[in-house]
Amino acid sequence: MARVGMAFVLFLFSLAIACQPSISETAESMLSSDKYLEAYDVPIGYENAEGLFAKHDTTYYACFDNWMYYFDTKTQRSGKLCGKVECTHEDRDCNAYLGDIIVGSFQIYDQKIYWLGELLYRMDLDGENREEYRVMDDMGELDPRCYLHRGSIYMCGIEHNVKGANVTDTVRILRYSIENAEAEPETVLEQECQYIPKYICRFYRDKLYVLIDARLGMELSEGYKRDLYEYDIVHKELKNVWSSQDQAHTRSVSINNEGLEILNLSTDQYTMFTDPELACTLWKSQYHFADQSMTEMERYETEPGYTDQSMIENWVITSQIDVIVQEENRVDVKTKYRIYDQNWDLSGTGEYEGLASMIGEDSMGLLILTDIGSPCKALYRIPYDNMDTVEILIQHGE
């Protein structure tokens, strides 16, 4: 196809230039390094994509409906990640199609793209040389994810347990060795919850941080028990570093050199996310690595109807979601957004299609990625110089 043709050849050439020799062994010094290891650390800066977006050199990757797309920031070209000249890029033989099982997450690690489907797979950055990399343990039905970090694979998920009339859900994280495929996995964390919890993982150097929101009742207004765990990947020690029980829910967690920045939502009056009259109360908290303390910042009340929120460092976006049912039960979603800076000053308003979250930023603007359940699937950018407009970088199905 013309869209892939010369643009994809230039894209492959840029990848070849960016490739560097890999480290064959995971040394103890790499595990405990206090520096960011670009090839071997879970990337920082796009963590709120939760494994559905990646950046390598000048190329963005995004996965929609099990199709891998790329966007070359130099040429401003995008397409499905397949360089086969004879391919139509429309069937399962295309390199960009990752399989029939829903992709739980993907990540670039040591010059390879890894993704979690029925197995753990990997391929080259240009979509070539696909292989079945590893059979992993079943992590349960809910929210499966996979992270590769400094020589280990971390498998995460929520296991649904039914024992007679007792129903529970358990957050589980297992750690596998990349070098030794025969080694048994080690249990990093297990927490049983009465209701389906939310968990967020963030890696920083030689630490893994896991924040778990466990509901205290059927209604959101009954509140949550929230626990933040720190796992030392060198000494393999897990400890609870913060805990609270209140009417608050975690919306986003960003990471920087000082600590974790958490966007909180009050669940005191929270009803439905499509309620046009609902004004939400938001606030940020900062967990400090240095002294393991949590600092709460001032609260902000959103405009009525802006019931969905996400955050990256220095920016918060709130969204009003309009679900439109078309003919033949086709559903469209229109989202109005409001962007605030770190002082809660309004910086822009606009609209895009689909359910989406802010996942990061680049030199030109804020990056917005549609969610798995969104009827419209795209990667957007909201430019710094005009935050009332939206650019389409990748759109699935176009």
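Residues numbered from 1 in each chain as written. Predicted model: local features only at pLDDT ≥ 70, side-chain atom pairs only at ≥ 80, totals over all residues. Heavy atoms only, no water.

Scanning the model with the defined rule gives 20 salt bridges in all. Between Asp232 and Lys207 there is a salt bridge, with the nearest N and O atoms lying 3.9 Å from each other. Placement of the pair is Asp232 in strand β15 (residues 224-232) and Lys207 in strand β14 (residues 207-215), with a sequence separation of 25 residues. Residue class for Lys207 comes out buried when judged on its relative accessible area of 17%. Of the charged contacts in the structure, one is a salt bridge between Glu391 and Arg381, with a shortest N-O distance of 3.0 Å. With a gap of 10 residues between them, Glu391 in strand β28 (residues 391-395) and Arg381 in strand β27 (residues 378-383) connect regions that are remote in the sequence. Each of Glu50, Asp143, Arg145 and Arg202 takes part in a single network of salt bridges with overlapping partners. (Salt bridge = Lys/Arg side-chain N within 4 Å of Asp/Glu carboxyl O. Helix = DSSP H or I, 4+ residues; strand = E, 2+ residues; numbered from the N terminus. Buried < 20%, exposed > 50% of the residue type's maximum accessible area, 1.4 Å probe, protein only.)

Moving on: the layout of surface pockets. The calculated volume of the largest pocket comes to roughly 1,300 Å³. Forming the boundary of the largest pocket are 43 residues, of which Asp143, Lys198, Arg251, Ser357 and Asp371 lie nearest the centre. Elements supplying a minimum of two residues to the lining of the largest pocket: β9 (142-149), β13 (198-204), β17 (248-255), β21 (308-312), β25 (356-361) and β26 (365-370). Classifying every residue of the lining of the largest pocket by side-chain character gives 23 nonpolar, 11 polar and 9 charged. (1 Å grid on protein atoms, 1.4 Å probe; cavity = no way out; pocket = protein on both sides within 12 Å on 5 of 7 lines; lining within 4 Å. Points joined across faces, edges and corners; volume = space filled by probe spheres on them. Nonpolar A, V, L, I, M, F, W, Y, C, P; charged D, E, K, R; others polar.)

What follows deals with the sheet that holds strand β18 (residues 259-266). As a general point, the strands of a sheet are linked pairwise by backbone hydrogen bonds and lie either parallel or antiparallel. Judged by pairing direction, the sheet is antiparallel, and its 4 strands sit side by side in the order β17-β18-β19-β20 without closing on themselves. Both outer strands of the open sheet, β17 and β20 (293-301), are each paired with one neighbouring strand and no more. Here the strands of the sheet are splayed against their neighbours by 20 degrees on average, with no regard to which way each runs. Bridge count between strand β19 (residues 281-288) and β20: 7 bridges; the pairing is antiparallel. Within β20, the position partnered with His288 by the bridge is Ser293. (Pairing = 2+ DSSP bridges. Axes fitted to C-alpha atoms, helices over the stretch in contact; angles between N-to-C directions.)

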